[in-house]
Amino acid sequence: MSDEDAATDSKLTLSKRRWAAEGKFLTGRISRPETERLPPGQHLVKNWPVLDLGQQPEILTSGWRLEVSGLVENPLIFRWADFQALEQSTRVTDIHCVTTWSRYDNRWEGVSTRELLDLVMPKAEAHYVMLTSYDGYKTNLPLADFAAEDAILATAWEGQPLSAEHGGPMRLVVPHLYFWKSAKWLRRIDLLRADKAGFWEMNGYHMYADPWKEQRYSED
């Protein structure tokens with residue numbers, strides 16, 4: 001291995017090695033048998049219902065930006081071409097919406113959240129993430145959940161570019177939490193020391209949102 005290769009390897013793996021040593025992204029989640037795949041209070045659908053705050057921003061990829069900042073060693077701003085040049089991944093996951101519908105086996109393509117975190121390198125004191133969308137929507141979640149193995153910054157669904165009504169050109173998908181945590185039209189990711197409430201969390205929704213515990217509202 002050349003000195004240049006060694007330097008590159010060190011830069012790309014430093015954060016992974018630190019996280020592994022700390023056990024930082026072990027969420028304690030377990031795989032579930034098919035009979036326990038549907039969380040309590042949910043029903044299956046085959047379509048994909050559209051839910052938003054009443055407006056769908058028009059975002060051209062020519063003007064699209066994603067900013068990652070806060071408690072990171074390497075703050076970055078991605079243009080669309082930059083984001084498309086990152087390593088692309090595929091995930092097949094379920095969706096569980098707080099409005100009681102679930103949809104199985106959604107095929108996503110995009111950039112894994114872990115790939116993004118490798119580039120920005122969270123600082124040791126970073127424990128939470130605040131997500132901000134192009135329509136002004138905000139939601140929060142622990143950094144460990146943002147970095148879940150199946151979490152993805154999705155640009156395609158079922159082999160097609162992600163439509164605007166479903167958050168295109170890019171949205172977050174964190175399958176193990178209620179879907180309001182998977183922000184559409186993602187514009188900014190801030191890594192924080194302490195947790196802060198987002199839009200729905202300030203309006204009575206749960207701060208964490210585990211579907212299997214029915215954490216829909218703040219008192220749940």
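Next up on the list: unusual backbone geometry. Of note, the amide linkage connecting G168 to P169 takes the cis form, showing an omega dihedral of 15 degrees. Relative to the assigned elements, P169 resides in the loop between β9 (160-161) and β10 (171-173). With phi around 90 degrees, T100 is a residue other than glycine that occupies positive phi space. Topologically, T100 is positioned in the loop between β4 (89-96) and β5 (101-112). For T100, a relative accessible area of 27% puts it in the partly exposed group. You will see that M121, though not glycine, has its phi angle at about 55 degrees, which is positive.

With the rule as written, the count across this model stands at 6 salt bridges. Residue R37 pairs with D94 through a salt bridge whose shortest N-O separation is 2.8 Å. One end of the pair, R37, is in the loop between α1 (3-22) and β1 (43-44); the other, D94, is in strand β4, and 57 residues separate them in sequence. The same class applies to R37 as to D94, namely buried.

Bringing helix α3 (residues 113-120) into the picture now. Here α3 lies mainly inside the structure; 7 of its 8 residues are buried. Where α3 is concerned, the buried positions are T113, E115, L116, L117, D118, L119 and V120. Phi turns positive, to about 55 degrees, at M121, one or two residues after α3.

This part takes up the nonpolar core. Among the nonpolar cores identified, the biggest contains 40 residues, and F146, I189 and L191 are the most heavily contacted of them. Among the secondary structure elements, those contributing two or more residues to this core are β2 (65-70), α2 (80-84), α3, β6 (128-133), α4 (143-146) and β11 (186-192). Broken down by element, this core gets its largest block of residues, 4 residues, from α3. In this view, L191 contacts V68, S69, G70, L71, V72, L117, P122, A126, Y128, V129 and L143; residues no more than four positions away in its chain are not counted.

This part is about the packing of aromatic side chains. Tallied over the full model, the rule gives 13 aromatic pairs. With a centroid separation of 6.5 Å and an interplanar angle of 55 degrees, the aromatic rings of W48 and F179 are classed as tilted. Taken together, the positions of W48 in the loop between β1 and β2 and F179 in the loop between β10 and β11 put the pair 131 residues apart, joining distant regions of the chain. This pair shows no difference in class: W48 is buried, exactly as F179 is. Taken together, the ring pairs connect Y137, Y178, W180, F199, W200, Y205 and Y217 into an aromatic cluster. Just above the ring of Y104 sits the side chain of R37; from NZ or CZ to the centre is 3.9 Å.

By the secondary structure assignment, A147 is in the loop between α4 and β8 (152-157). A147 gets classed as buried once you look at its relative accessible area, which sits at 0%. With 30 residues separating them along the chain, A147 and L117 place their C-alpha atoms 7.8 Å apart.

Turning our attention to the confidence of the model for the chain. In low-pLDDT regions, the fine details of the predicted coordinates are not to be read closely. Summarising the model, the chain shows a mean pLDDT of 88, and 82% of its residues fall at 70 or more. For the stretch residues 25-30, pLDDT sits under 50, and the model shows 11 contacts to residues farther than four places along the chain or on other chains.

With that out of the way, let us pick up the sheet that holds strand β3 (residues 76-79). In spatial order, the strands read β3-β2-β11-β6-β7; together these 5 strands make up an open sheet with mixed pairing. In this open sheet, the two strands that pair with only one neighbour each are β3 and β7 (138-142). With strand direction ignored, the average angle separating the axes of adjacent strands in the sheet is 15 degrees. Pairing of β6 with β11, which is carried by 6 bridges, proceeds in the antiparallel orientation. Across the sheet, the residue bridging to M130 is D190, located in β11.

A word on the pairing of β4. Inspection of the sheet shows β4 paired to β5 by 7 bridges, in the antiparallel sense. Along β5, the bridge assignment pairs R91 with W108. If you look at the hairpin formed by β4 and β5, you'll find 4 residues sitting between the two strands, and T100 has a positive phi there, around 90 degrees.

Definitions and cut-offs
- Residues numbered from 1 in each chain as written.
- Predicted model: local features only at pLDDT ≥ 70, side-chain atom pairs only at ≥ 80, totals over all residues.
- Heavy atoms only, no water.
- Helix = DSSP H or I, 4+ residues; strand = E, 2+ residues; numbered from the N terminus.
- Buried < 20%, exposed > 50% of the residue type's maximum accessible area, 1.4 Å probe, protein only.
- Salt bridge = Lys/Arg side-chain N within 4 Å of Asp/Glu carboxyl O.
- Core = buried A, V, L, I, M, F, W, Y, C linked by side-chain atoms within 4.5 Å.
- Contact = heavy atoms within 4.5 Å.
- Phe/Tyr/Trp six-rings, centres within 6.5 Å; stacked < 30°, edge-to-face > 60°.
- Lys NZ or Arg CZ within 6 Å of the ring centre and 35° of its normal.
- pLDDT = per-residue confidence, 0-100.
- Pairing = 2+ DSSP bridges.
- Axes fitted to C-alpha atoms, helices over the stretch in contact; angles between N-to-C directions.

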